[in-house]
Amino acid sequence: MTTTAARSPGEIRQVITASSLGTVFEWYDFFIWGTLTTSGILQRVFFPAGDEVLATLLAWATFAVGFAFRPLGAIVFGYLGDKLGRKYTFLVTITLMGGATAGIGLVPSYAAIGAAAPVLIIALRIAQGLALGGEYGGAAIYVAEHSPPGRAGFYTSFIQASVVGGFILSLAVVLFFKGLVSTDGWQDWGWRLPFLFSILLLVVSLWMRFRLSESPVFKAMKAEGRTAGNPFVESFTYPGNLKRLFVALFGIGAGLTVIWYTSMFSVLAFLQGPMRIEETAAQLITAAGALGGLVFYIATGAWSDRVGRKKPIVIGYALTLLLLFPLFWMLGWASAGAVPGGEKFVPGPGQIVLMVAAILGLMALSGLTYGSVAALLAEMFPARIRYSSMSIPYHFGTGYFGGFLPLISAYVVSQTGDPFSGLWYTWGVVLMALIVTWWGLEEPVLEVVPA
């Protein structure tokens, strides 16, 4: 197979660094809403007072709105990415994301402008969802198409780890600004600072990404006049692509995303809610587990270069079905001391160690199912329609199965009173994903030049 021109280690590092940091910043922008929702601030500010459960469900529904529009962003920006190029498309997406995030920090409260507040918030979350629908595919493909033969899993694993990095950064920034202002100041106006912080991240991202060159695969296709006429239509008409789209949506996107959100946001909500752990302590514990778990993403990506993409994902799904409930039971057991409806508390050192260990177990499951996925999705589809073909099923899968997970889980828990009952949604989706992946996923090979 013909390969693209060799690139120096310095060039590869620049590609990975710029793409990964941009991905961290973009997911930070998207996740900051979820991070602050778990603390109860946003539902108090932007929604009617009087019913705490309803306000929480509305806040998580607003979180889900962004995910609902990710597929549309994937269609629009996937089309542009296949027609105009990878680099300039994800410059547009990161600008849209940064502007929308800063805008959320400027929206007046429900008490000040009434129903206009949630309407504005929903509009900005839609803009974030559209941007994210185009960002992930662009960054993943850009790195994959720059990777040396046989190393795409390792190099693109940094993109996967960057998604976790965005979640960790959201927690770190929240903790930083909470430490700068008084408790009353944080509740009143300080919570807006993490949203406005996005302006600085946007400037850094644009500076780094403007320095990158276009993907060598896209440049070769452009020079030869072999880009797709209509990438969206071709994604559904290219021979064999319908099956690949089906597997990418129901086998890959749906499964990996429910594990990811369960390992991150469900853990944080579980600790701060039913387990009654003090807010800052819960955020630090979750961040520590997530930070330690980054290694699983990198290791899985490198492992997949040797054993193939399918094996780690299938193993990860099977282990999730076995270990999901036990790991959350471990979290609950480690939180012993909580009094239902009582004051929140700070756990002791031994409890914290057990909690972090449980979170690391969940992160290992997420790493197995997510670490090699950027390379897998890039390899599944032909270069001329790659941006569209990987983005559409990925964002339908992650947007709907994963994006609505906090809302569905919170609703199930509110109806049953069992803090573990929401996990059945994750378990059921993973079972479906395991069956589809086992049946339909074939080992792909990255097309590095257009065939």
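Position labels on residues start from 1 in each chain and follow its written sequence. Local features in this predicted model are restricted to residues of pLDDT 70 or higher, and side-chain atom pairs are both shown and tallied only at a pLDDT of 80 or more, whereas totals for entire chains, interfaces and linings draw on every residue. To obtain the side-chain values, all non-hydrogen atoms of the structure were included, while hydrogens and water were left out.

## As for the packing of helix H16 (residues 310-334) against helix H17 (residues 349-370)
- Here, axes are lines fitted to C-alpha atoms. For helices the fit covers the stretch in contact, and angles between N-to-C directions go from 0 to 180 degrees. For the purposes of this entry, the term helix denotes a DSSP run of H or I that reaches at least four residues, the term strand denotes a run of E that reaches at least two, and both are numbered from the N terminus. Running from amino to carboxyl end, H16 crosses H17 at an angle of 165 degrees, the nearest separation of the two axes being 8 Å. In terms of orientation, H16 lies roughly antiparallel with respect to H17. At the point where H16 passes H17, the crossing takes the left-handed sense.
- Of the residues in the contact of H16 with H17, the class split is 21 nonpolar, five polar and no charged. Here is the rule for angles: anything less than 35 degrees is roughly parallel, anything more than 145 is roughly antiparallel, 65 through 115 is roughly perpendicular, and the remaining ranges are oblique. Helix crossings fall into two classes, left-handed where the near helix is turned counterclockwise from the far one by less than a right angle and right-handed where it is turned clockwise. Note that Gly is not counted as nonpolar here; it falls among the polar residues with everything else outside the nonpolar set of Ala, Val, Leu, Ile, Met, Phe, Trp, Tyr, Cys and Pro and the charged set of Asp, Glu, Lys and Arg.

## Some remarks on the confidence of the model for the protein
- Per-residue confidence from the predictor is given as pLDDT, running between 0 and 100. In the predicted model, the protein carries a mean pLDDT of 85, and the fraction of residues at 70 or more is 94%.
- By mean pLDDT, helix H12 (residues 216-223) is the weakest element of the protein at 74, and helix H21 (residues 423-440) is the strongest at 97.
- Every residue pair with non-hydrogen atoms within 4.5 Å of one another is taken to be in contact. A low-confidence stretch, residues 1-6 (pLDDT under 50), is modelled with 12 contacts involving residues beyond four sequence positions or located in other chains.

## A closer look at a nonpolar patch on the surface
- Among the surface-exposed residues, Tyr79, Phe232, Val233, Phe236 and Leu242 lie close enough to one another that they form a single nonpolar patch of about 430 Å² accessible area.
- If you tally residues by element for the nonpolar patch, the top one is helix H13 (residues 231-237), at three residues.
- Following the sequence through the fold, Phe236 ends up in helix H13.
- Burial classes follow relative accessibility: with a 1.4 Å probe on protein chains only, a residue under 20% of its type's maximum area counts as buried, one over 50% as exposed, and anything between as partly exposed. Exposure remark for Phe236: the relative accessible area of 38% places this residue in the partly exposed category. Patches draw on residues past 30% relative accessible area with no salt bridge. Two like charges within 9 Å are joined, as are two nonpolar side chains (Val, Leu, Ile, Met, Phe, Trp, Tyr) within 5 Å. Note that accessible areas follow from Shrake-Rupley with a 1.4 Å probe, and for residues the cover is restricted to the protein chains shown. Put simply, a salt bridge is a Lys or Arg side-chain nitrogen that is within 4 Å of an Asp or Glu carboxyl oxygen.

## Examining the packing of aromatic side chains
- Two rings belonging to Phe, Tyr or Trp (six-membered ring only in the last case) form a pair when the distance between their centres is within 6.5 Å. Interplanar angles under 30 degrees mark stacking, angles over 60 mark edge-to-face geometry, and anything in between is tilted. Evaluation of the coordinates by the stated rule reveals 23 aromatic pairs.
- With a centroid separation of 5.2 Å and 70 degrees between ring planes, the pair formed by Phe176 and Phe177 is classed as edge-to-face.
- Judged by centre distance (6.2 Å) and plane angle (85 degrees), the rings of Trp191 and Phe195 are edge-to-face.
- Residue Phe195 is classed as buried on the basis of its relative accessible area of 0%.
- To sit over a ring, a charge needs its Lys NZ or Arg CZ within 6 Å of the ring centre and within 35 degrees of the ring normal. Its end group placed over the ring of Trp439, Lys243 keeps NZ or CZ at 5.0 Å from the ring centre.

## Examining the layout of surface pockets
- The computed volume of the largest pocket comes to approximately 1,200 Å³.
- Here a cavity means grid points, on a 1 Å grid over the protein atoms only, where a 1.4 Å probe fits yet cannot get out; a pocket means an open set of points with protein on both sides within 12 Å along at least five of seven lines; lining residues are those with an atom within 4 Å of a point. Lining the largest pocket are 41 residues; nearest its centre among them are Glu52, Thr56, Ala269, Gly273 and Pro274.
- At the level of secondary structure, the elements contributing two or more residues to the lining of the largest pocket comprise helix H2 (41-46), helix H3 (52-68), helix H14 (241-272), helix H20 (405-416) and H21.
- Residues belonging to the lining of the largest pocket are distributed by class as follows: 19 nonpolar, 16 polar and six charged. Grid points are joined across faces, edges and corners, and a volume is the space filled by probe spheres set on the points.

## A word on the packing of helix H8 (residues 152-180) against helix H18 (residues 373-380)
- Put simply, H8 and H18 touch, their axes get as near as 7 Å, and they point 115 degrees apart. Residue-level inspection shows Ala152, Gly153, Thr156 and Gln160 of H8 in contact with H18, the latter providing Val373, Ala374, Ala375 and Glu379.
- Here the residues of the contact of H8 with H18 are counted per class, giving four nonpolar, three polar and one charged.

## Some thoughts on unusual backbone geometry
- In this structure, Arg276 takes a positive phi of about 60 degrees despite not being glycine.
- Note that Arg276 resides in the loop between H14 and helix H15 (279-307).
- The class of Arg276 is partly exposed, set by a relative accessible area of 22%.

## A closer look at the nonpolar core
- With 121 residues, the main nonpolar core has Phe46, Trp260 and Leu271 as its most contacted residues.
- It is H14 that provides the largest number of residues to this core, a total of 17 residues.
- Non-local contacts of Leu271, meaning those with residues more than four positions away in its chain, are made with Arg276, Ile277, Ala282, Ile285, Thr286, Leu331, Ser335 and Met355. Among buried residues, the Ala, Val, Leu, Ile, Met, Phe, Trp, Tyr and Cys ones that are joined through side-chain atoms within 4.5 Å form a nonpolar core.

## Remarks on the pattern of salt bridges
- Taken as a whole and judged by the stated rule, the model has six salt bridges.
- We note a salt bridge from Asp305 to Arg309, for which the minimum N-O separation is 2.9 Å.
- For Asp305, a relative accessible area of 23% gives the class partly exposed.
- Look at the salt bridges and you will find they share partners, linking Asp305, Arg309 and Glu379 into a network.

## Section: the side chain of Ser205
- With respect to the element layout, Ser205 can be found in helix H11 (residues 198-210).
- Look past the residues within four positions of Ser205 in its chain and what remains in contact with it is Gly22, Phe25 and Ile94.

## Observations concerning the environment of Ile122
- Within the secondary structure layout, Ile122 lies in helix H7 (residues 116-146).
- Overall, Ile122 belongs to the partly exposed group, its relative accessible area being 31%.
- Considered as a pair, Ile122 and Phe47 are 75 residues apart in the sequence and their alpha carbons are 12 Å apart.
- Other than its neighbours up to four places away in sequence, Ile122 contacts Thr62 and Val65.

## Considering empty space enclosed by the protein
- The full count for this structure, using the stated rule, is three cavities of 30 Å³ or more.
- Quantified by volume, the largest cavity comes out at close to 50 Å³.
- In terms of lining residues, the largest cavity is bounded by Trp27, Arg70, Val163, Leu256, Thr257, Trp260, Tyr261, Tyr370, Tyr394 and Thr398.
- It is H14 that provides the largest number of residues to the lining of the largest cavity, a total of four residues.
- For the lining of the largest cavity, the residue count by class is seven nonpolar, two polar and one charged.

## Some points on the environment of Val24
- Structurally, Val24 is set in helix H1 (residues 9-37).
- Between the C-alpha atom of Val24 and that of Val163, which follows or precedes it by 139 residues, the distance is 5.8 Å.
- Discounting chain neighbours no more than four positions away, the residues touching Val24 are Ser162, Gly165, Gly166 and Leu169.

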